[in-house]
Amino acid sequence: MGNGILVLNAGSSSLKFSIFNVGAASLLSAMAVGQIEGLGTAPRLKAKGADGSVIADEQWTTSEVANHGQALQAIATLLRARFSGQELVGVGHRVVHGGPDYSAPLLLTPQAMEMLATFVPLAPLHQPHNLAAIRAVAEARPELPQVACFDTAFHRTQETVAQLYGLPYEYYERGIRRYGFHGLSYEYIAATLPELAPEIASGRVIVAHLGSGASMCAIDNGRSVGSSMGFTALDGLLMGTRPGNLDPGIILYLLQQEGMSARDVESMLYKRSGLLGLSGIGNDMRVLQESDSPRARLAIDHFVYRISRELGGLAAVLGGIDAFVFTAGIGENSAYIRRLVCEKAKWLGIDLDPAANEQGGPRISSVDSKVSAWVVPTNEELMIARHTCQVLGL
Ligand code: ADP
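Residues numbered from 1 in each chain as written. Predicted model: local features only at pLDDT ≥ 70, side-chain atom pairs only at ≥ 80, totals over all residues. Heavy atoms only, no water.

A.B. asks: Is there a simple way to think about the domain arrangement of the protein in this case?
C.D. replies: How big an interface is tends to be reported as the loss of accessible area on association of its parts. When its domains are assigned, the protein resolves into domain 1 (2-150) and domain 2 (199-380). With four residues of domain 1 at the contact, the number on the domain 2 side is five residues. Note on domain 1 versus domain 2: buried area summed over both sides is about 430 Å², and carbon and sulfur give 61% of it. At the junction of domain 1 with domain 2, the criterion picks out one salt bridge. In this structure, E380 engages R94 in a salt bridge whose closest nitrogen and oxygen atoms are separated by 3.1 Å. Counting every contact that joins domain 1 to domain 2 gives one residue pair in polar contact (both at pLDDT 80 or more). A per-class count over the side of domain 1 that touches domain 2 returns two nonpolar, one polar and one charged. (Domains from an automatic or database assignment. Contact = heavy atoms within 4.5 Å. Buried area = accessible area lost by both parts, 1.4 Å probe. Salt bridge = Lys/Arg side-chain N within 4 Å of Asp/Glu carboxyl O. Polar contact = N/O pair within 3.5 Å; in protein donor to acceptor, adjacent residues only side chain to side chain. Nonpolar A, V, L, I, M, F, W, Y, C, P; charged D, E, K, R; others polar.)

And the structure:
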């Protein structure tokens, strides 16, 4: 009989999960990963085992699986059937916002839940779903310890000067500051480098997390010193459906001159901008790469341009860089985007090895490159599982 850790990542219409085996030396390996997508429209469960084989593919009506609680029950049913010899000893959650103070994972208590609920206004599209999943587990298995792992925590090492916006100072004190996100991904990369690339692990490293959400982080000796995402996950790079960095005057213009409501603007910023908005085709980089539409080309060029600008800015924050790391869906899989980014970063001393880049790394720069470039697959779920074990003393 083994012990298992369930990792949950709850979105507005999805519940992603992984189950990890807690080994003798707390070495963890995922036994299954999956997700229920389409909550509220067409709920569908898909899951794979450790070897990549499909272990579940089921569809329901919205009355059969209506919410996160029922999605959790469906996942529990699957896990009981597949892993009957496994005892669940803890649940780790990805929680998007830990507010200004939480810089480490947190064992969840009723008091902690009250505190996390006060951060809902800071992340209204994500935090309520994260908390809903925690409540659903607490109702179904009240005895099971739960741990919250925050996407903002890794960035709490940043100095005040890096977290400020140039608004009246009282707004900083009221929580309007640069929080940074994708922290679990950056923390995983920082934790992986000492083994993968010890020569850069204690140096100045910029990591580009390029997925459907995209951001970059400046890491100095394993600690975050700057990030492209700010008060919300809208800031910084161009993303799948989000515009990234915008002149705030545009928002005022849309509200005042175009007569858009705050809700309309919110929907445009989160769902209709970015690669999708620019290309008019879609938000999937694979589709854009294969398209011969000029606007797909423009969207890709702007995506790369924004990465280059951010790279220059973060390199200045670090006072120079030793290494550049690509991660997440696009960063790990698109040799084409990596090539375009590295070509623009020649001035920094990055010299791409085209063959190594095509093969996916891990090192994709030439031996003579002054600054090395890498591809490092991220694993936020494993980071959450590790934290959960640590907090629970497993
Ligand atoms: P998230 O976890 O934020 O949903 P991922 O990190 O899984 O996102 O990245 C998803 C994106 O990665 C997809 O939208 C797709 O554009 C991109 N992607 C995945 N594989 C490739 C590939 N081979 N080439 C280019 N882009 C890819």
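A.B. asks: Just checking my understanding: could you explain the sheet that holds strand β10 (residues 214-220) for this structure?
C.D. replies: Taken together, five strands build an open sheet; the order of strands is β11-β10-β9-β12-β13 and the sheet is mixed. In this open sheet, the two edge strands, each paired with only one partner strand, are β11 (223-227) and β13 (372-375). This sheet shows a mean twist of 25 degrees between the axes of neighbouring strands, independent of strand direction. As defined by bridge partners, strand β12 (residues 323-327) adjoins β13 across four bridges and the pair is classed as parallel. Within β13, the residue paired with A323 across the bridge is S372. (Pairing = 2+ DSSP bridges. Helix = DSSP H or I, 4+ residues; strand = E, 2+ residues; numbered from the N terminus. Axes fitted to C-alpha atoms, helices over the stretch in contact; angles between N-to-C directions.)

A.B. asks: Would you explain the pairing of strand β4 (residues 44-49) in this entry?
C.D. replies: Two faces belong to every sheet, and in a regular strand the side chains alternate between them. Of the two faces of β4, only the one carrying L45, A47 and G49 is buried; R44, K46 and K48 on the other face are not. Sheet topology places β4 next to strand β5 (residues 54-59); five bridges connect them, and they run antiparallel. Directly across from K46, in β5, lies its bridge partner D57. Linkage of β4 to β5, two consecutive antiparallel strands, is achieved through a turn of four residues, within which G52 is found at a positive phi near 90 degrees. (Buried < 20%, exposed > 50% of the residue type's maximum accessible area, 1.4 Å probe, protein only.)

A.B. asks: Help me understand the site of the ligand in this model?
C.D. replies: S212, D284, M285, G329 and N333 are the nearest of the 13 residues found near the ligand. I330 is positioned such that a nitrogen or oxygen atom in its backbone is 3.4 Å from an oxygen atom of the ligand. Burial of the ligand by the protein chains amounts to 69% of its free accessible area of 580 Å². Counting only elements with at least two residues in the shell around the ligand, the list comes to α11 (285-290) and α13 (328-333). The dominant element in the shell around the ligand, judged by the number of residues it contributes, is α13, at four residues. Split into classes, the residues belonging to the shell around the ligand amount to three nonpolar, eight polar and two charged. (Near = heavy atom within 4 Å. Areas by Shrake-Rupley, 256 points an atom, 1.4 Å probe, with all protein chains shown as cover.)

A.B. asks: Please clarify how the nonpolar core should be interpreted in this entry.
C.D. replies: Nonpolar side chains in soluble globular proteins tend to be buried together. L116, I206, L210, M216, F303, I321 and F324 are the most contacted members of the largest nonpolar core, which has 57 residues in total. Element by element, the count of residues in this core is highest for helix α12 (residues 294-318), at 10 residues. Shared between two domains, this core holds at least three residues of each, these being domain 1 (2-150) and domain 2 (199-380). (Core = buried A, V, L, I, M, F, W, Y, C linked by side-chain atoms within 4.5 Å.)

A.B. asks: Any chance you could explain the environment of V147 here in plain terms?
C.D. replies: Here V147 shows up in strand β8 (residues 146-150). On the basis of relative accessibility, which here comes to 0%, the residue V147 falls in the buried class. Distance from V147 to E58, taken between C-alpha atoms, is 29 Å for residues 89 residues apart in sequence. Residue contacts for V147: discarding those within four places in its chain leaves V91, G92, H93, P105, L106, L107, L108, T388, V391 and L392.

A.B. asks: Where do I start with the packing of helix α6 (residues 183-196) against helix α16 (residues 380-392) in this structure?
C.D. replies: Two measures define how a pair of helices packs: the angle their axes make with one another and the distance between the axes. Where α6 meets α16, the closest approach of the two axes is 8 Å, and the angle between their N-to-C directions is 80 degrees. Our classification of the angle between α6 and α16 gives roughly perpendicular. Within the contact between the two elements, α6 uses L184, S185, E187, Y188 and A191 and α16 uses E380, L382, M383, I384, R386 and H387. The residue inventory of the contact of α6 with α16, partitioned by class, reads six nonpolar, two polar and three charged. (Parallel < 35°, antiparallel > 145°, perpendicular 65-115°, else oblique.)

A.B. asks: Whenever I open this one, the packing of α12 against helix α14 (residues 335-344) confuses me. Can you help?
C.D. replies: With their axes 9 Å apart at the nearest point, α12 and α14 run at an angle of 50 degrees to one another. Considering the angle they form, α12 stands oblique to α14. The crossing of α12 and α14 is right-handed. On the side of α12, the interface is formed by R297, I300, F303, V304, I307 and S308, while α14 contributes Y336, I337, L340, V341 and K344. In terms of residue class, the contact of α12 with α14 is built from eight nonpolar, one polar and two charged. (Left-handed = near helix turned anticlockwise from the far one by under 90°.)

A.B. asks: Would you mind showing me how to read the pattern of salt bridges here?
C.D. replies: Pairing between side chains of opposite charge can happen when their charged atoms approach one another. A complete count under the given rule lists 11 salt bridges for this structure. Where R174 meets E170, a salt bridge forms, and the shortest distance between an N and an O atom there is 3.7 Å. Overall, the relative accessible area of 59% leaves R174 in the exposed class. The network of salt bridges with common partners includes R94, D151 and E380.

A.B. asks: Would you take a moment to explain the packing of aromatic side chains for this structure?
C.D. replies: One pair of aromatic rings is described through two measures. These are the centre distance and the angle between the planes. For the structure on display, the rule yields five aromatic pairs. Summarising the aromatic geometry, the rings of Y102 and F119 are spaced 6.4 Å apart at their centres and angled 75 degrees between planes, so their arrangement reads as edge-to-face. Note that Y102 is positioned in the loop between β6 (86-95) and β7 (106-107) and F119 in the loop between α2 (110-117) and α3 (127-140), a separation of 17 residues in sequence. Owing to a relative accessible area of 22%, Y102 belongs among the partly exposed residues under this scheme. An aromatic cluster is built from Y102, F119 and F150, whose rings are joined through pairwise contacts. (Phe/Tyr/Trp six-rings, centres within 6.5 Å; stacked < 30°, edge-to-face > 60°.)

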